[in-house]
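Spelled out from the first residue to the last, the chains are:
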Amino acid sequence: MLRIGCHLSSSKGYLSMGHEAVRIGADTFQFFTRNPRGGAVKPLDVADVLAYLTFAKENGLTAPLAHAPYTLNPCGKEERVRDFARMAMLEDLERLSGIHGVMYNFHPGSHVGQGVQEGIRLICELLEEALAKDTGVTVLLETMAGKGSEVGATFEELRMIIDGVGAPEQIGICLDTCHVFDAGYDIASDLDGVLERFDHVIGLSKLKAIHLNDSKNPFASHKDRHEKIGEGTLGMETFRRILTHPVLCGLPFYLETPQENNDGYAREIRMLRGLAGKG
Ligand code: FE
Ligand code: FE
Ligand code: ZN
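## Let's talk about the sheet that holds strand β3 (residues 65-67)
And then number 1: The strand order around the closed barrel formed by eight strands is β1-β2-β3-β4-β6-β8-β9-β12, and the pairing between neighbours is parallel. Each strand of the sheet is rotated relative to its neighbour by a mean of 30 degrees, with strand direction disregarded.
And then number 2: As paired strands, strand β4 (residues 103-106) and strand β6 (residues 138-142) are joined by four bridges and run parallel to one another. Bridge assignment links M103 to a residue of β6, and that residue is T138.
And then number 3: Packed on one face of the sheet, helix α4 (residues 116-132) meets β4, β6 and β8 (171-176) and runs near 160 degrees to β6.

Printed below as a string of structure tokens:
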């Protein structure tokens, strides 16, 4: 069974996201843990969480994916940037610990001229501290497009991060289809080859989630511009192969395509369920 959802606004809380997911035909969803460009967070509404958990169970919603804010950069150059990353990640994981089946996805970071090695060291330092508490939340490193000084655009860098942390079993990978294509992994013409490479370098058991996005830009352009499914350079056939691939079809899929509103996602989800059925 295909598990698919999309990014939803978390501004009205968990139950509201659950209702919206069901309304648009999703059985999972992604949300920001806080303002994607800001910092502060509202106190956790326990009644809302409990109502959501009941609703999710009754409606078959699984694997909600929490996305860290874009401003969370564990390997920023300035101390205040790293301090925010630390505060936000520790607080996010603590707050998520009561959400059944949740995973926490973050962009590994941008080293901003300090070098990949120093970037990875700083990322590992934060993960080490964040995972020491064992909140039960699996933390996912997102595969990046390689824009600017982003760390994590190669499978080798992601592997180095995992290897640099004492609790690797709590870490997984979220593969973003737009990002990997942008980073130079040709999932459009050689999906099997890319997955073999992933398995060789990281191990497929680490692959926990897929961000499903088409790309506005050509192969290996390191731009990170998402497009609607089938309207970009990846194309519909690539997504049919992804959704029906034996290695991938059991993973949760999350759309982050540019849509005017959630009805756009509803159409895309319907279309992709049809596409997957034609495996
Ligand atoms: Fe992301
Ligand atoms: Fe993504
Ligand atoms: Zn992106």
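Next, the rest of the story.
## Regarding the side chain of T238
And then number 1: Within the secondary structure, T238 sits in helix α8 (residues 236-244).
And then number 2: You can call T238 buried: its relative accessible area is 3%.
And then number 3: If we skip the residues at most four places from it in the chain, T238 touches I187 and A188.

## Regarding the environment of D176
And then number 1: Checked against the element boundaries, D176 lands in strand β8.
And then number 2: Separated by 106 residues in sequence, D176 and Y70 place their C-alpha atoms 15 Å apart.
And then number 3: Ignoring sequence-local partners within four residues, the contact set of D176 consists of E142, T143, H211, N213, H226 and E256.
And then number 4: Within the structure, D176 has its side chain in polar contact with the side chain of H211 (distance 3.4 Å).

Scoring rules and cut-offs
Residues numbered from 1 in each chain as written. Chains lettered and ligands numbered in written order. Predicted model: local features only at pLDDT ≥ 70, side-chain atom pairs only at ≥ 80, totals over all residues. Heavy atoms only, no water. Pairing = 2+ DSSP bridges. Helix = DSSP H or I, 4+ residues; strand = E, 2+ residues; numbered from the N terminus. Axes fitted to C-alpha atoms, helices over the stretch in contact; angles between N-to-C directions. Contact = heavy atoms within 4.5 Å. Buried < 20%, exposed > 50% of the residue type's maximum accessible area, 1.4 Å probe, protein only. Polar contact = N/O pair within 3.5 Å; in protein donor to acceptor, adjacent residues only side chain to side chain.

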